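What follows is each chain in one-letter form.
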Amino acid sequence: EKGGWSSFMAKEVAEQPEAVANTIRGRVRDGAVVIPELDGLDELFIGINRVIITACGTASYAALVGKYAIEQWARVATDVELAHEFRYRDPVIGDDTLVISISQSGETMDTLMAVKYARERGARTLSICNTQGATIPRESDAVVYTHAGPEVAVASTKAFSAQITALLLLGLHMGRVRSTLTDTTAVEELSTLPEKIAQVLAEENEHVSQLAGWMADTRSVLFLGRHVGYPIALEGALKLKEISYIHAEGFAAGELKHGPIALIEPGQPVFVIVPSPRHSALIHSKVVSNIQEIRARGARVIVVAEEGDAAVLPFADEVIRIPLAGAMFEPVLAVVPLQIFAMALATAKGLDVDQPRNLAKSVTVE
Ligand code: F6R
């Protein structure tokens, strides 16, 4: 079943262009995003004043990207809540709230209980799921499926990029329904995403794998990101923890001076996800100055930056390139080298990347 691949994870990382293309297919019509499963369900999105996205683990990082997209395109306040935290307090929700859940398996007990709880409280519910007919979509008012295909490796990869894609589609769909979407460039850009992922895979696989090989003895790796790069920093750190058992942490780059910079000592590897200067010169310059701050303290800086961004060159030990893309699309590209890095590092340590210790693919207990 692995085909010629060394692991399911390697196969699933490589399948991402297809996973994303399949998730987009049939959902763009006449220059607009129209998700057929949501036909006749416009009332889910009108008259709400709040969206809560709930999920666990990797799916919760996809949710964080979704927050930016839904707020920008559908102009509705959106928050992300870990499913197991959401349920055990007394959240202020009601029929003006849309609770979106995200789950690859559709069976994660924490997420399922959050959905049931939201429904009992009168909220509207929509799930994003990769498994047809799973329990979470059955318990929701509506479902948008990701079409990543079966994910076998415990560490989630193609399901994550498909989840972000589904959230972008949903944000564009909601923006159209709510008449808040003015910019159509994002809709046009959707179809280019699969080939850009393929480009990252083709151009960076060897470079990043080599880098991981050199770093097999590393004991800790930090990841920094800002804006939609922040959830990618969290995801890069989680992948590394899960399959290579190395201490890793992701931070919002702006938090650095509020504490984490104390961790920086000579030789500390730090990945920095650099947002394109074309989207915001300000955000870009802030991240570049974060890079300068950690470099001055001896960090080994590995940047993930768009092609042609020369501002990072003087301060980077390694530069990983991603193609030019819209701000909301960059996360799907930036995560790919981090997945490859985690996988190559685990492989260099002789670990089983598909079956990490202590973890199960689907967590069906609370
Ligand atoms: C990370 C990973 C887990 C899952 C989490 C949610 O690689 O696999 O963090 O993302 O357990 O699982 P689902 O999406 O099935 O609800």
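In short, a report on the structure. (Residues numbered from 1 in each chain as written. Predicted model: local features only at pLDDT ≥ 70, side-chain atom pairs only at ≥ 80, totals over all residues. Heavy atoms only, no water.)

## Things to note about the overall build of the protein chain
Line of reasoning, step 1. Across its full length, the protein chain holds 12 helices and 12 strands.
Line of reasoning, step 2. Taking 21 Å as the expected radius of gyration for a compact globule of 366 residues, we find that the protein chain reaches 20 Å, a close match to that expectation.
Line of reasoning, step 3. C-alpha atoms of the protein chain, sized along the principal axes, occupy 55 × 40 × 40 Å.
Line of reasoning, step 4. Here the protein chain, with 366 residues, has 58% of them falling under the buried criterion.
Line of reasoning, step 5. Taking the contacts inside the protein chain whose residues are at least 6 apart along the sequence as the reference set, 75% of them involve residues at least 24 apart.
Line of reasoning, step 6. Surface summary for the protein chain: the accessible area is close to 14,200 Å², and the carbon and sulfur share equals 50%.
Line of reasoning, step 7. Distance between charge centroids for the protein chain: 3 Å, based on 33 positive and 45 negative side chains. (Helix = DSSP H or I, 4+ residues; strand = E, 2+ residues; numbered from the N terminus. Rg over C-alpha atoms; globule rule 2.2 N^0.38 Å. Buried < 20%, exposed > 50% of the residue type's maximum accessible area, 1.4 Å probe, protein only. Contact = heavy atoms within 4.5 Å. Areas by Shrake-Rupley, 256 points an atom, 1.4 Å probe, with all protein chains shown as cover. Lys, Arg positive; Asp, Glu negative; His and termini not counted. Charge placed at Lys NZ, Arg CZ, Asp CG, Glu CD.)

## Overview of the sheet that holds strand 3 (residues 50–55)
Line of reasoning, step 1. Taken in spatial order, the five strands make up an open sheet running 4-3-5-6-7, and their pairing is parallel. Each edge of the open sheet is held by one strand with a lone partner, namely strand 4 (78–82) and strand 7 (142–145). For this sheet, the mean angle separating the axes of adjacent strands, direction not counted, is 20°.
Line of reasoning, step 2. Here strand 3 pairs with strand 4 via five bridges, running parallel. Bridged to Ile52 within strand 4 is Asp79.
Line of reasoning, step 3. Its contacts with the sheet place helix 5 (residues 109–120) against strand 3, strand 5 (97–103) and strand 6 (124–129), and it is angled at close to 165° to strand 5. (Pairing = 2+ DSSP bridges. Axes fitted to C-alpha atoms, helices over the stretch in contact; angles between N-to-C directions.)

## Side note on the site of the ligand
Line of reasoning, step 1. Around the ligand there are 14 residues in total, and Ser103, Gln104, Ser105, Thr108 and Glu242 lie nearest to it.
Line of reasoning, step 2. One of the side-chain N or O atoms of Ser103 is found 2.6 Å from an oxygen atom in the ligand.
Line of reasoning, step 3. Between an oxygen atom of the ligand and a main-chain N or O atom of Val154, the distance comes to 3.2 Å.
Line of reasoning, step 4. Here the ligand has 400 Å² of accessible area as a free molecule, and 88% of this is covered by the chains.
Line of reasoning, step 5. Of the residues belonging to the shell around the ligand, the class tally is five nonpolar, seven polar and two charged. (Near = heavy atom within 4 Å. Polar contact = N/O pair within 3.5 Å; in protein donor to acceptor, adjacent residues only side chain to side chain. Nonpolar A, V, L, I, M, F, W, Y, C, P; charged D, E, K, R; others polar.)

## Quick notes on the layout of surface pockets
Line of reasoning, step 1. Roughly 510 Å³ of internal volume is contained in the largest pocket.
Line of reasoning, step 2. Lining the largest pocket are 24 residues, with Cys56, Gly57, Thr58, Lys361 and Val363 sitting closest to its centre.
Line of reasoning, step 3. If you list the elements that add at least two residues to the lining of the largest pocket, you get helix 3 (57–74), strand 5, helix 5 and helix 10 (229–244).
Line of reasoning, step 4. A breakdown of the residues in the lining of the largest pocket according to their chemical character gives nine nonpolar, 10 polar and five charged.
Line of reasoning, step 5. Taken as a whole, the second largest pocket encloses approximately 270 Å³ of empty space.
Line of reasoning, step 6. Lining the second largest pocket we find 15 residues, and of these Trp5, Ser6, Ala10, Asn205 and Met343 sit closest to its centre.
Line of reasoning, step 7. Elements that contribute at least two residues to the lining of the second largest pocket include exactly helix 1 (8–14), helix 9 (193–214) and helix 12 (330–348). (1 Å grid on protein atoms, 1.4 Å probe; cavity = no way out; pocket = protein on both sides within 12 Å on 5 of 7 lines; lining within 4 Å. Points joined across faces, edges and corners; volume = space filled by probe spheres on them.)

## Re the packing of aromatic side chains
Line of reasoning, step 1. What the rule picks out here adds up to three aromatic pairs.
Line of reasoning, step 2. A ring pair is formed by Phe223 and Phe271, whose centres lie 5.0 Å apart and whose planes are at 10°; its orientation type is stacked. Placement of the pair is Phe223 in strand 8 (residues 220–225) and Phe271 in strand 10 (residues 269–273), with a sequence separation of 48 residues.
Line of reasoning, step 3. Given the relative accessible area of 1%, Phe223 is considered buried.
Line of reasoning, step 4. Judged by centre distance (4.7 Å) and plane angle (65°), the rings of Phe271 and Phe341 are edge-to-face. Residue Phe271 is found in strand 10, and its partner Phe341 is found in helix 12; the two are separated by 70 residues along the sequence.
Line of reasoning, step 5. In this structure Phe341 comes out as buried when scored by relative accessible area, which is 1%.
Line of reasoning, step 6. Through a chain of ring-to-ring contacts, three or more aromatic side chains come together here, namely Phe223, Phe271 and Phe341.
Line of reasoning, step 7. When the ring centre of Tyr245 is taken as origin, the NZ or CZ atom of Arg357, which lies over that ring, is 3.8 Å away. (Phe/Tyr/Trp six-rings, centres within 6.5 Å; stacked < 30°, edge-to-face > 60°. Lys NZ or Arg CZ within 6 Å of the ring centre and 35° of its normal.)

## A look at the state of the cysteines
Line of reasoning, step 1. This structure, assessed with the given rule, holds zero disulfides.
Line of reasoning, step 2. We note that Cys56 lacks a disulfide partner, and the nearest cysteine sulfur, in Cys129, lies 13 Å from it.
Line of reasoning, step 3. Among the residues examined, Cys129 registers a relative accessible area of 1% and is labelled buried. (Disulfide = S-S within 2.5 Å.)

## A word on empty space enclosed by the protein
Line of reasoning, step 1. The final tally for this structure, using the stated rule, is one cavity of 30 Å³ or more.
Line of reasoning, step 2. Computed from the structure, the largest cavity encloses a volume of approximately 90 Å³.
Line of reasoning, step 3. Lining the largest cavity we find 13 residues, and of these Val228, Gly229, Ile273, Pro275 and Glu330 sit closest to its centre.
Line of reasoning, step 4. Of all the elements in the fold, those that place two or more residues in the lining of the largest cavity are helix 10 and helix 12.
Line of reasoning, step 5. It is helix 12 that contributes the most residues to the lining of the largest cavity, three residues altogether.
Line of reasoning, step 6. Partitioned by chemical class, the residues of the lining of the largest cavity number nine nonpolar, two polar and two charged.

## Description of the environment of Lys116
Line of reasoning, step 1. Of note, Lys116 is situated in helix 5.
Line of reasoning, step 2. For Lys116, a relative accessible area of 31% translates into the label partly exposed.
Line of reasoning, step 3. Along the sequence, Lys116 and Gly229 sit 113 residues apart, while their C-alpha atoms lie 31 Å from each other.

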